[in-house]
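Listed below, chain by chain, are the residues.
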Amino acid sequence: MIVCSWNINSVRMRENLLLELINSLNPDVIFLQEIKCQDNEFPLIYKEKNYNLVIKGEKGKYGVAILIKKKIEFEEINFEYDIFKSEARICGIKIKNNFNLHLINIYAPNGNPIESKEKFSYKIKWYSELHKVIKKLINSKINIILAGDFNVLEHPDDVQDFDSWKNDALGHISSRKRFREILSSGLTNIVRLFYKPGEIYSFWDYQKASWERNYGLLIDHFLLSPMLSCMVESIFFEKEYRGKQKPSDHIPFWIKLSI
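Residues numbered from 1 in each chain as written. Predicted model: local features only at pLDDT ≥ 70, side-chain atom pairs only at ≥ 80, totals over all residues. Heavy atoms only, no water.

K.L.:
Hey, could you run me through the overall build of the protein in this one?
P.N.:
Secondary structure summary: the protein contains seven helices and 12 strands in total. Against the 2.2 N^0.38 benchmark of 18 Å for 259 residues, the protein shows a C-alpha radius of gyration of 17 Å, consistent with a compact globule. Overall, the protein is about 45 × 45 × 35 Å in size when its C-alpha atoms are taken along their principal axes. Looking at the protein as a whole, 57% of its 259 residues qualify as buried. A fraction of 68% describes how many contacts in the protein between residues 6 or more apart in sequence connect residues 24 or more apart. Side chains of the protein give 37 positive and 33 negative charges; the mean places of these two sets differ by 2 Å. (Helix = DSSP H or I, 4+ residues; strand = E, 2+ residues; numbered from the N terminus. Rg over C-alpha atoms; globule rule 2.2 N^0.38 Å. Buried < 20%, exposed > 50% of the residue type's maximum accessible area, 1.4 Å probe, protein only. Contact = heavy atoms within 4.5 Å. Lys, Arg positive; Asp, Glu negative; His and termini not counted. Charge placed at Lys NZ, Arg CZ, Asp CG, Glu CD.)

Here you go:
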(Lines give C-alpha, C1' and ligand atoms only; values in the text may rest on other atoms or scores of the structure.)
Protein backbone atom coordinates (compact mmCIF):
# COMPACT_ATOMS: atom_id res chain seq x y z
CA MET A 1 0.00 0.00 0.00
CA ILE A 2 1.24 3.46 -0.92
CA VAL A 3 -0.13 6.39 1.09
CA CYS A 4 0.76 9.88 -0.13
CA SER A 5 0.33 13.26 1.58
CA TRP A 6 0.54 16.73 0.07
CA ASN A 7 -0.31 20.26 1.09
CA ILE A 8 -1.28 21.19 -2.45
CA ASN A 9 -2.09 24.86 -1.70
CA SER A 10 -5.18 25.01 -3.95
CA VAL A 11 -6.19 21.81 -5.72
CA ARG A 12 -7.85 23.70 -8.57
CA MET A 13 -4.70 25.68 -9.32
CA ARG A 14 -2.56 22.55 -9.26
CA GLU A 15 -4.88 19.98 -10.77
CA ASN A 16 -2.29 19.22 -13.46
CA LEU A 17 0.37 18.47 -10.84
CA LEU A 18 -2.00 16.20 -8.94
CA LEU A 19 -2.71 14.34 -12.17
CA GLU A 20 1.02 14.01 -12.82
CA LEU A 21 1.53 12.60 -9.33
CA ILE A 22 -1.27 10.07 -9.75
CA ASN A 23 0.00 8.96 -13.14
CA SER A 24 3.58 8.48 -11.92
CA LEU A 25 2.96 7.00 -8.45
CA ASN A 26 -0.55 5.53 -8.56
CA PRO A 27 -0.99 5.75 -4.77
CA ASP A 28 -3.69 3.77 -3.02
CA VAL A 29 -4.55 6.72 -0.77
CA ILE A 30 -3.80 10.44 -1.16
CA PHE A 31 -4.11 12.95 1.68
CA LEU A 32 -4.49 16.54 0.46
CA GLN A 33 -4.32 19.65 2.63
CA GLU A 34 -5.15 23.29 1.97
CA ILE A 35 -7.35 22.41 -0.99
CA LYS A 36 -8.96 25.88 -0.82
CA CYS A 37 -12.32 24.91 -2.29
CA GLN A 38 -15.80 23.89 -1.27
CA ASP A 39 -16.87 20.27 -1.56
CA ASN A 40 -18.66 20.72 -4.89
CA GLU A 41 -15.70 22.56 -6.44
CA PHE A 42 -13.17 19.72 -6.16
CA PRO A 43 -11.82 18.71 -9.61
CA LEU A 44 -13.35 15.56 -11.07
CA ILE A 45 -10.05 13.90 -11.98
CA TYR A 46 -10.40 11.65 -8.95
CA LYS A 47 -13.36 9.94 -10.66
CA GLU A 48 -11.46 9.60 -13.91
CA LYS A 49 -8.56 7.99 -12.03
CA ASN A 50 -10.75 5.52 -10.16
CA TYR A 51 -10.73 7.12 -6.71
CA ASN A 52 -13.45 7.83 -4.19
CA LEU A 53 -13.36 11.13 -2.34
CA VAL A 54 -13.78 12.15 1.30
CA ILE A 55 -13.67 15.92 1.65
CA LYS A 56 -14.02 18.69 4.18
CA GLY A 57 -13.94 21.82 2.07
CA GLU A 58 -14.11 25.50 2.89
CA LYS A 59 -14.49 28.49 0.62
CA GLY A 60 -11.16 30.01 -0.37
CA LYS A 61 -9.04 28.62 2.50
CA TYR A 62 -8.10 25.56 4.49
CA GLY A 63 -9.80 22.33 3.42
CA VAL A 64 -8.68 18.71 3.45
CA ALA A 65 -9.49 15.70 1.31
CA ILE A 66 -8.67 12.01 1.00
CA LEU A 67 -8.64 10.16 -2.31
CA ILE A 68 -9.07 6.38 -1.93
CA LYS A 69 -8.83 3.77 -4.67
CA LYS A 70 -12.30 2.43 -5.43
CA LYS A 71 -11.17 -1.14 -4.76
CA ILE A 72 -10.69 -0.25 -1.06
CA GLU A 73 -13.72 -0.52 1.21
CA PHE A 74 -13.92 2.24 3.80
CA GLU A 75 -16.17 4.40 5.90
CA GLU A 76 -15.70 8.01 6.92
CA ILE A 77 -14.64 8.98 10.45
CA ASN A 78 -16.68 11.65 12.20
CA PHE A 79 -14.77 13.92 14.57
CA GLU A 80 -17.07 15.13 17.33
CA TYR A 81 -15.04 17.89 18.98
CA ASP A 82 -16.44 21.35 18.22
CA ILE A 83 -13.03 22.80 17.37
CA PHE A 84 -12.76 20.44 14.39
CA LYS A 85 -16.02 21.84 13.02
CA SER A 86 -14.97 25.49 13.14
CA GLU A 87 -12.41 25.18 10.32
CA ALA A 88 -11.97 22.46 7.67
CA ARG A 89 -8.70 20.95 8.89
CA ILE A 90 -9.28 17.24 9.54
CA CYS A 91 -10.86 14.24 7.86
CA GLY A 92 -10.43 10.51 8.20
CA ILE A 93 -11.42 7.06 7.03
CA LYS A 94 -11.58 3.54 8.45
CA ILE A 95 -10.40 0.90 6.01
CA LYS A 96 -12.28 -2.37 6.28
CA ASN A 97 -9.49 -4.94 6.48
CA ASN A 98 -7.75 -7.16 9.00
CA PHE A 99 -5.71 -4.25 10.37
CA ASN A 100 -8.64 -2.11 11.58
CA LEU A 101 -6.80 0.74 9.90
CA HIS A 102 -7.70 4.37 10.64
CA LEU A 103 -6.24 7.06 8.37
CA ILE A 104 -6.41 10.66 9.59
CA ASN A 105 -5.47 13.62 7.40
CA ILE A 106 -4.72 16.97 9.08
CA TYR A 107 -3.88 20.54 8.22
CA ALA A 108 -2.90 21.95 11.61
CA PRO A 109 -3.39 25.67 12.31
CA ASN A 110 -0.39 27.88 11.63
CA GLY A 111 -0.92 30.02 14.73
CA ASN A 112 0.85 33.15 13.49
CA PRO A 113 1.28 35.91 14.27
CA ILE A 114 2.12 34.64 17.72
CA GLU A 115 1.26 38.07 19.15
CA SER A 116 -2.34 37.25 18.25
CA LYS A 117 -3.37 35.36 21.35
CA GLU A 118 -6.53 34.20 19.60
CA LYS A 119 -4.69 32.50 16.73
CA PHE A 120 -1.94 30.93 18.80
CA SER A 121 -4.34 29.76 21.51
CA TYR A 122 -6.53 28.21 18.82
CA LYS A 123 -3.53 26.24 17.53
CA ILE A 124 -2.64 24.95 20.99
CA LYS A 125 -6.23 23.99 21.77
CA TRP A 126 -6.60 22.31 18.36
CA TYR A 127 -3.54 20.18 19.07
CA SER A 128 -4.81 19.32 22.54
CA GLU A 129 -8.08 18.04 21.09
CA LEU A 130 -6.22 16.04 18.44
CA HIS A 131 -4.14 14.48 21.22
CA LYS A 132 -7.36 13.30 22.89
CA VAL A 133 -8.52 11.66 19.66
CA ILE A 134 -5.24 9.86 19.09
CA LYS A 135 -4.86 8.75 22.69
CA LYS A 136 -8.36 7.26 22.67
CA LEU A 137 -7.64 5.32 19.47
CA ILE A 138 -4.28 4.06 20.74
CA ASN A 139 -5.84 2.92 24.01
CA SER A 140 -8.38 0.99 21.93
CA LYS A 141 -5.51 -0.70 20.05
CA ILE A 142 -6.48 0.94 16.76
CA ASN A 143 -3.88 1.02 13.97
CA ILE A 144 -3.38 4.64 12.95
CA ILE A 145 -1.82 6.61 10.12
CA LEU A 146 -1.86 10.31 11.06
CA ALA A 147 -0.37 12.49 8.36
CA GLY A 148 -0.40 15.92 6.80
CA ASP A 149 0.86 19.43 7.43
CA PHE A 150 1.56 19.77 11.16
CA ASN A 151 2.89 23.35 11.03
CA VAL A 152 5.47 22.54 13.71
CA LEU A 153 9.27 22.48 13.68
CA GLU A 154 9.61 19.48 15.97
CA HIS A 155 13.43 19.27 15.88
CA PRO A 156 15.90 22.21 15.90
CA ASP A 157 17.56 20.86 12.76
CA ASP A 158 14.29 20.87 10.79
CA VAL A 159 15.29 24.39 9.68
CA GLN A 160 18.75 25.90 9.21
CA ASP A 161 18.43 28.67 11.81
CA PHE A 162 16.09 27.40 14.47
CA ASP A 163 16.90 30.19 16.94
CA SER A 164 15.11 32.67 14.70
CA TRP A 165 11.95 30.51 14.86
CA LYS A 166 11.66 30.18 18.64
CA ASN A 167 9.20 33.06 18.79
CA ASP A 168 7.28 31.90 15.73
CA ALA A 169 4.21 29.71 16.16
CA LEU A 170 5.95 26.91 14.22
CA GLY A 171 8.99 26.77 16.49
CA HIS A 172 7.54 27.92 19.80
CA ILE A 173 8.06 25.47 22.64
CA SER A 174 4.31 25.23 23.29
CA SER A 175 3.69 24.01 19.73
CA ARG A 176 6.54 21.53 19.92
CA LYS A 177 5.29 20.16 23.23
CA ARG A 178 1.83 19.55 21.80
CA PHE A 179 3.33 17.70 18.82
CA ARG A 180 5.42 15.56 21.15
CA GLU A 181 2.39 14.80 23.30
CA ILE A 182 0.83 13.18 20.26
CA LEU A 183 4.01 11.20 19.63
CA SER A 184 4.07 10.11 23.26
CA SER A 185 0.64 8.54 22.80
CA GLY A 186 2.47 5.77 20.99
CA LEU A 187 3.11 7.00 17.44
CA THR A 188 6.36 6.91 15.48
CA ASN A 189 7.46 9.77 13.25
CA ILE A 190 8.44 7.74 10.19
CA VAL A 191 10.82 10.28 8.67
CA ARG A 192 13.11 9.81 11.69
CA LEU A 193 13.58 6.14 10.76
CA PHE A 194 15.02 7.02 7.36
CA TYR A 195 16.58 10.50 7.63
CA LYS A 196 18.63 12.37 10.19
CA PRO A 197 17.20 15.75 11.24
CA GLY A 198 18.25 18.38 8.72
CA GLU A 199 18.63 15.94 5.82
CA ILE A 200 15.21 16.54 4.28
CA TYR A 201 12.64 19.32 4.05
CA SER A 202 9.01 19.40 2.93
CA PHE A 203 8.30 23.14 2.57
CA TRP A 204 10.07 26.07 0.92
CA ASP A 205 8.41 29.49 1.20
CA TYR A 206 7.65 31.51 -1.93
CA GLN A 207 9.46 34.47 -0.35
CA LYS A 208 13.17 35.38 -0.15
CA ALA A 209 14.26 32.86 -2.82
CA SER A 210 13.80 30.07 -0.27
CA TRP A 211 13.71 27.33 -2.90
CA GLU A 212 16.77 28.64 -4.75
CA ARG A 213 18.71 28.86 -1.45
CA ASN A 214 17.35 25.52 -0.23
CA TYR A 215 16.04 27.28 2.85
CA GLY A 216 13.45 24.68 3.74
CA LEU A 217 11.44 23.47 6.70
CA LEU A 218 10.28 20.00 7.67
CA ILE A 219 6.71 20.48 8.86
CA ASP A 220 4.90 17.62 7.07
CA HIS A 221 4.94 14.17 8.65
CA PHE A 222 3.63 10.61 8.77
CA LEU A 223 2.97 9.42 12.34
CA LEU A 224 2.14 5.71 12.68
CA SER A 225 1.07 3.40 15.48
CA PRO A 226 3.50 0.61 16.52
CA MET A 227 2.46 -2.32 14.34
CA LEU A 228 2.17 -0.17 11.22
CA SER A 229 5.56 1.44 11.87
CA CYS A 230 7.13 -1.99 11.52
CA MET A 231 5.47 -2.39 8.12
CA VAL A 232 6.92 0.75 6.50
CA GLU A 233 9.27 -0.20 3.67
CA SER A 234 10.22 3.31 2.60
CA ILE A 235 9.41 7.00 2.71
CA PHE A 236 10.04 9.30 -0.23
CA PHE A 237 9.88 13.08 -0.66
CA GLU A 238 9.05 14.21 -4.22
CA LYS A 239 11.35 17.23 -4.08
CA GLU A 240 11.23 17.93 -7.80
CA TYR A 241 7.62 19.10 -7.47
CA ARG A 242 8.80 22.27 -5.76
CA GLY A 243 10.73 23.19 -8.89
CA LYS A 244 7.84 22.69 -11.31
CA GLN A 245 5.85 25.48 -12.90
CA LYS A 246 3.40 27.13 -10.46
CA PRO A 247 4.26 24.72 -7.63
CA SER A 248 2.84 24.40 -4.16
CA ASP A 249 5.20 25.59 -1.46
CA HIS A 250 5.01 22.05 -0.04
CA ILE A 251 6.03 18.84 -1.82
CA PRO A 252 4.20 15.51 -1.98
CA PHE A 253 5.70 12.71 0.09
CA TRP A 254 4.66 9.12 0.62
CA ILE A 255 5.22 5.89 2.48
CA LYS A 256 5.08 2.33 1.22
CA LEU A 257 3.72 -0.26 3.61
CA SER A 258 3.86 -4.05 3.36
CA ILE A 259 0.07 -4.40 3.62
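K.L.:
Would you mind showing me how to read the environment of Ile219 here?
P.N.:
As for its placement among the helices and strands, Ile219 is situated in the loop between helix 6 (191-194) and strand 10 (220-224). Along the primary structure Ile219 and Cys91 are separated by 128 residues, whereas in three dimensions their C-alpha atoms are 19 Å apart. Setting aside residues no more than four positions away along its own chain, Ile219 makes contact with Gly148, Asp149, Phe150, Asn151, Val152, Leu153, Leu170, Ser202, Phe203 and His250.

K.L.:
In this structure, what is going on with the nonpolar core? I would like to understand it.
P.N.:
For soluble globular proteins, nonpolar side chains are generally found buried alongside one another. Of all hydrophobic cores here, the largest spans 35 residues; its most connected members are Val3, Leu103, Ile145, Phe222, Leu224 and Ile255. Mapped onto this core, the elements with two or more residues apiece are strand 2 (29-33), strand 4 (64-69), strand 6 (90-95), strand 7 (101-107), strand 8 (143-149), strand 10, strand 11 (232-237) and strand 12 (253-257). Apart from residues lying up to four places away in sequence, Ile255 is in contact with Met1, Ile2, Val3, Ile190, Phe222, Leu224, Val232, Ser234 and Ile235. Leu137, Phe150, Phe179 and Leu223 belong to the second-largest nonpolar core, a separate cluster that totals 26 residues. (Core = buried A, V, L, I, M, F, W, Y, C linked by side-chain atoms within 4.5 Å.)

K.L.:
Before we go on, may I ask you to explain the pattern of salt bridges in this structure?
P.N.:
Close approach of charged atoms allows side chains with opposite charge to pair. Tallying each qualifying case throughout the model produces 13 salt bridges. The salt bridge involving Asp163 is made with Lys166; its shortest N-O contact spans 3.3 Å. Given a relative accessible area of 43%, Lys166 falls into the partly exposed group. One continuous salt-bridge network, built from bridges that share partners, spans Glu154, Asp158, Arg180 and Arg192. (Salt bridge = Lys/Arg side-chain N within 4 Å of Asp/Glu carboxyl O.)

K.L.:
Whenever I open this one, the sheet that holds strand 12 confuses me. Can you help?
P.N.:
Neighbouring strands of a sheet are bound in pairs by backbone hydrogen bonds; such pairs are parallel or else antiparallel. With respect to topology, six strands assemble into an open sheet ordered 3-4-2-1-12-11, the strand pairing being mixed. The sheet is open, and its two edges are formed by strand 3 (51-56) and strand 11, each paired on a single side. Each neighbouring strand pair of the sheet contributes to a mean axis angle of 15°, computed without reference to strand direction. Direction of pairing for strand 11 relative to strand 12: antiparallel, over a ladder of five bridges. Across the sheet, Ser234 pairs through a bridge with Lys256, a residue of strand 12. The strands that helix 1 (residues 15-25) touches are strand 1 (2-7), strand 2, strand 3, strand 4 and strand 12; relative to strand 1, the one it contacts most, it runs at about 165°. (Pairing = 2+ DSSP bridges. Axes fitted to C-alpha atoms, helices over the stretch in contact; angles between N-to-C directions.)

K.L.:
How should I be thinking about unusual backbone geometry in this particular structure?
P.N.:
Excluding glycine, residues mostly have negative phi values, and the peptide bonds linking residues are mostly trans. With omega at -5°, the peptide bond leading from Asn112 into Pro113 counts as cis. Looking at where Pro113 falls in the secondary structure, it is placed in the loop between strand 7 and helix 4 (117-139). Backbone geometry at Ser10 places phi at a positive 95°, although glycine is not the residue there. With respect to the element layout, Ser10 can be found in the loop between strand 1 and helix 1.

K.L.:
So what exactly am I meant to see when it comes to the sheet that holds strand 10 here?
P.N.:
Pairing is mixed across the open sheet formed by six strands, whose spatial order is 5-6-7-8-10-9. Bordering the open sheet on either side are strand 5 (74-77) and strand 9 (188-189), each of which pairs with just one other strand. When strand 5 meets strand 6, the two strands line up antiparallel, connected through four bridges. Looking across to strand 6, one finds that Glu75 is bridged to Lys94. Contacts from helix 4 reach strand 6, strand 7 and strand 8 within the one sheet, and its direction differs from that of strand 7 by about 175°.

K.L.:
Would you explain the packing of helix 4 against helix 5 (residues 173-184) in this entry?
P.N.:
When two helices pack together, their arrangement is given by the angle between the helix axes and the distance between those axes. Between helix 4 and helix 5, the least distance of the axes is 9 Å, while the angle of their chain directions is 10°. One element, helix 4, and the other, helix 5, form an angle in the roughly parallel class. Residues Phe120, Lys123, Ile124, Tyr127, Ser128, Leu130, His131 and Ile134 of helix 4 lie in contact with helix 5, whose contacting residues are Ser174, Ser175, Arg178, Phe179, Glu181 and Ile182. Per-class residue counts for the contact of helix 4 with helix 5 are seven nonpolar, four polar and three charged. (Parallel < 35°, antiparallel > 145°, perpendicular 65-115°, else oblique. Nonpolar A, V, L, I, M, F, W, Y, C, P; charged D, E, K, R; others polar.)

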